[in-house]
Amino acid sequence: MPSPPTYSATTVFSPTSEIDIAEAAAALRDGHLLAFPTETVYGLGANALTPSAVSAIFRAKGRPSDNPLIVHVSSLSDLTRWPLTPLPLSPAAARLAKAFWPGPLTLVLPLAARSPLAAAVTAGLRSVALRVPKHPVAAALLAKAAVPVAAPSANRSGRPSPTSAAHVIRDLDGAVFGVVDAGDLALDDANCGVESTVVDMTDPHNPSVLRPGAVSVRELERVSGVPFREVERGQAVERPKAPGMKYRHYAPVAPMTIVERTRMKERLEEERRKGKLVGVLANDAVCEQLREVSGVVTVNCGREGDVASFARELYGALRAFDGEGKGRMEKVAIILAVPPPDTGDGIGAAVMNRLVKASAGSVESIPESLKSSH
Ligand code: TXA
Ligand code: MG
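Residues numbered from 1 in each chain as written. Chains lettered and ligands numbered in written order. Predicted model: local features only at pLDDT ≥ 70, side-chain atom pairs only at ≥ 80, totals over all residues. Heavy atoms only, no water.

## Considering the sheet that holds strand β9 (residues 197-200)
Put simply, the rule is: Criterion used throughout: strands pair if DSSP finds at least two bridges between them. Numbering of helices and strands runs from the N terminus; a helix is a DSSP stretch of H or I covering at least four residues, while a strand is a stretch of E covering at least two.
One open sheet holds the eleven strands; their spatial order is β1-β8-β2-β3-β7-β4-β6-β5-β9-β10-β11, and the pairing between them is mixed. Strands at the two margins of the open sheet, each flanked by one partner only, are β1 (11-13) and β11 (229-230). Here strand β5 (residues 105-110) pairs with β9 via four bridges, running parallel. When the bridges of β9 are listed, L107 appears paired with V199.

## Describing the pairing of strand β13 (residues 278-282)
The test is simple: Relative accessible area decides the class of each residue, using a 1.4 Å probe on protein chains only: under 20% of the type maximum gives buried, over 50% gives exposed, and in between gives partly exposed. When the strands point away from the viewer and the path from the first strand over the helix to the second turns clockwise, the crossover is right-handed.
Of all five residues that make up β13, five are buried, and the element is covered over most of its length. By the alternation rule, side chains of β13 split into V278, V280 and A282 and G279 and L281, which are all buried. Where β13 lies against strand β14 (residues 296-300), five bridges are found, and the strand directions are parallel. Bridge pairing in β14 places V280 opposite T298. Each parallel crossover has a hand, and the one from β13 via helix α9 (residues 284-289) to β14 is right-handed. As paired elements, β13 and strand β15 (residues 334-337) share four bridges and run parallel to each other. Within β15, the position partnered with L281 by the bridge is A337.

## Overview of the sheet that holds β15
The strands making up a sheet are joined through hydrogen bonds of the backbone, oriented either antiparallel or parallel. Stated formally: The axes used here are C-alpha line fits, helices contributing only the stretch in contact, and every angle between their N-to-C directions lies in the interval 0 to 180 degrees. The criterion used for residue contact is that any of the two residues' heavy atoms lie within 4.5 Å.
Strands sit in the order β12-β15-β13-β14 across an open sheet of four strands; the sheet is parallel. Of all the strands in the sheet, the pair left with one neighbour each is β12 (256-258) and β14. Across this sheet, the average inter-strand angle for adjacent strands is 25 degrees, counted without regard to direction. Against the sheet, helix α8 (residues 264-273) contacts β13, β14 and β15, and its axis sits at roughly 160 degrees relative to β13.

## Some remarks on the site of ligand 1
Heads up, the rule is: Proximity is defined per residue: any heavy atom of the residue falling within 4 Å of a molecule or strand makes that residue near it. In protein, a polar contact means a hydrogen-donor-capable atom and an acceptor-capable atom, both N or O and within 3.5 Å, with residues adjacent in sequence counting only if both atoms are side-chain atoms; elsewhere, any N or O pair within 3.5 Å suffices. For the accessible areas, the method is Shrake-Rupley and the probe is 1.4 Å, while residue cover comes only from the protein chains on display. Classes in brief: Ala, Val, Leu, Ile, Met, Phe, Trp, Tyr, Cys and Pro nonpolar; Asp, Glu, Lys and Arg charged; the others, Gly included, polar.
Surveying the vicinity of ligand 1 reveals 26 residues, the closest of which are T40, R63, N67, H72 and S196. One of the side-chain nitrogen or oxygen atoms of N67 is found 2.7 Å away from an oxygen atom of ligand 1. S127 is positioned such that a nitrogen or oxygen atom in its side chain is 3.0 Å from a nitrogen atom of ligand 1. Contact with the protein chains removes 96% of the 680 Å² of surface that ligand 1 exposes when unbound. Residues that form the shell around ligand 1 fall into these classes: 13 nonpolar, eight polar and five charged.

## Comments concerning the nonpolar core
Here is the rule we go by: We call a set of buried residues a nonpolar core when its members are Ala, Val, Leu, Ile, Met, Phe, Trp, Tyr or Cys and they connect through side-chain atoms within 4.5 Å of each other.
By size, the foremost hydrophobic cluster in this structure holds 52 residues, and its most contacted members are L96, L105, L107, M201 and L220. The set of elements that each furnish at least two residues to this core consists of β3 (43-47), α2 (51-61), α4 (91-100), β5, β6 (127-131), α6 (165-172) and α7 (217-224). Looking at this core element by element, the count peaks at six residues for α2. Sequence-distant contacts of M201, that is, excluding residues within four places in its chain, are made with A92, A93, L96, L107, V108, L109, P207 and F228. Of all hydrophobic cores here, the second largest spans 30 residues; its members include M256, V299, C301 and V363.

## Thoughts on helix α5 (residues 136-145)
Applied cut-off: It is the directions from the helix axis to the C-beta atoms whose arc is reported.
Inspection of α5 places V137, A138, L141, L142 and A145 among the buried residues, and these make up the whole buried set. The buried residues of α5 all sit within an arc of 125 degrees when viewed along its axis, so they share a single face.

## Quick word on the pattern of salt bridges
What counts, and what does not: The term salt bridge refers to a pairing of a side-chain nitrogen on Lys or Arg with a carboxyl oxygen on Asp or Glu at a separation within 4 Å.
Here the structure, examined in full by the defined rule, presents 18 salt bridges. In this structure, E39 and R131 form a salt bridge, with 3.0 Å as the shortest nitrogen-oxygen distance. Residue E39 is found in the loop between β2 (34-36) and β3, and its partner R131 is found in strand β6; the two are separated by 92 residues along the sequence. Across the pair, R131 and E39 agree in class, each one buried. Within the structure, one salt-bridge network assembled from shared partners comprises R159, R170, D171, R319, D322 and E324.

## A look at the confidence of the model for the protein
Heads up, the condition is: Confidence of the predictor at the level of single residues is captured by pLDDT, which takes values from 0 to 100.
A residue-level look at the protein finds 91% of positions with pLDDT of 70 or above and a mean pLDDT of 91. Note that pLDDT drops below 50 for residues 233-240; the model gives that stretch nine contacts with residues more than four away or on any other chain.

## A closer look at the packing of helix α10 (residues 307-320) against helix α11 (residues 347-358)
Note the threshold: Throughout, the term roughly parallel applies to angles under 35 degrees, roughly antiparallel to angles over 145, roughly perpendicular to angles from 65 to 115, and oblique to all others. Should the near helix be turned anticlockwise from the far one by less than a right angle, the crossing is left-handed, and should it be turned clockwise, the crossing is right-handed.
It is the contact of α10 with α11, at a shortest axis distance of 9 Å, that shows an interaxial angle of 25 degrees. As far as their axial angle goes, α11 and α10 are roughly parallel. Where α10 crosses over α11, the two elements pack in a sense that is left-handed. Residues V307, A308, F310, A311, L314, Y315 and L318 of α10 form the contact with α11, whose own contacting residues are I347, G348, V351, R354, L355 and A358. Residue classes in the contact of α10 with α11 are distributed as eleven nonpolar, one polar and one charged.

## Focus on unusual backbone geometry
Residue P88 is bonded to the preceding L87 through a cis peptide linkage, with omega at -5 degrees. Following the sequence through the fold, P88 ends up in the loop between α3 (78-81) and α4. P102 follows W101 through a cis peptide bond whose omega is -5 degrees. Assignment of secondary structure puts P102 in the loop between α4 and β5. The residue A123 is not glycine, and still its phi comes out positive at about 50 degrees. Following the sequence through the fold, A123 ends up in the loop between β5 and β6. With a phi angle near 55 degrees, A146 is a residue other than glycine that sits in the positive phi range. Tracing the backbone shows A146 in the loop between α5 and β7 (149-150).

Here it is in structure tokens:
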């Protein structure tokens, strides 16, 4: 594989400067890699019409080439500007696009026969994943770039997704031309902090959720009028529909285990008896209970009773265990993650899905029903 493109340093653009946005958009259009904020996570954007730009994404991330990318456009009407998917959309897909765009929903649709997209975007599939992000900086940038933009999360493959420009720089400095720095997404509750809900609408009568996100199955069914399957809930997905599902994801360096809140103190003692420095990732109330305990490094993730804040802070918290973030942190040997209470569909399911992936499936002492359902 050829070595990744390198820049002497990554240029930081200001989202409040029109000149910066124009320059960033021009770079994107011209085939450079540009990271930008969305309401979910920071994306690593490339002009989706330019094969060399798209292949640079795979090289910079170390992403397997069989994992296709989401194409970002600035509005639904862009689908009439480029033949990305056959029009009109199916009635169910049209209802979803109308209700949730701009927003954290990705629709996998049939690929148009005359699609101008670089072949690597869709990894040879006959479908294309489309999304219209809501974050105002993403919207401004896409409007200005005036090309469809392929953008996976702007992390190195396998690492937690980035929710700040600092996370992007940490993973991709020099491998990406620029980053538009809108700060820490976790600080604004208009953001989600976890990636978009991905739904497969290639067969509009038999749609499925390929990746849970903030848009819940219940909302999808209500708006589309069609029942959805949840692929990740199925026990035996033989050939994953979202190719990204088969890879280990979102993982900090230390091994992580998901532990029910009521068993956490007991598990903590067990690990400490083995002489291990233990990390705990949990909400503010749980962390507070451990303030006086020695041999434990706590990383606060969200507020008690507020699962959306847990979602927004999750990736930053995972990265904190790898020494990113404020102050120096000792390296822990194991992380015990206490999930928020099961709030079911939508953002709660998305959080659980990401925790299970970050722990490579190491789920202790939570109900069997939850283990098999995420
Ligand atoms: O919130 C998001 O969706 C973020 C921001 C940057 O927009 N993007 C993102 O992209 O999460 P990425 O590449 O990390 O995840 C894309 C997911 C992968 O699981 C991929 O396999 C799936 O979407 N996907 C893309 N195209 C597909 C297709 N044609 N069919 C099925 N799955 C597809
Ligand atoms: Mg990703």
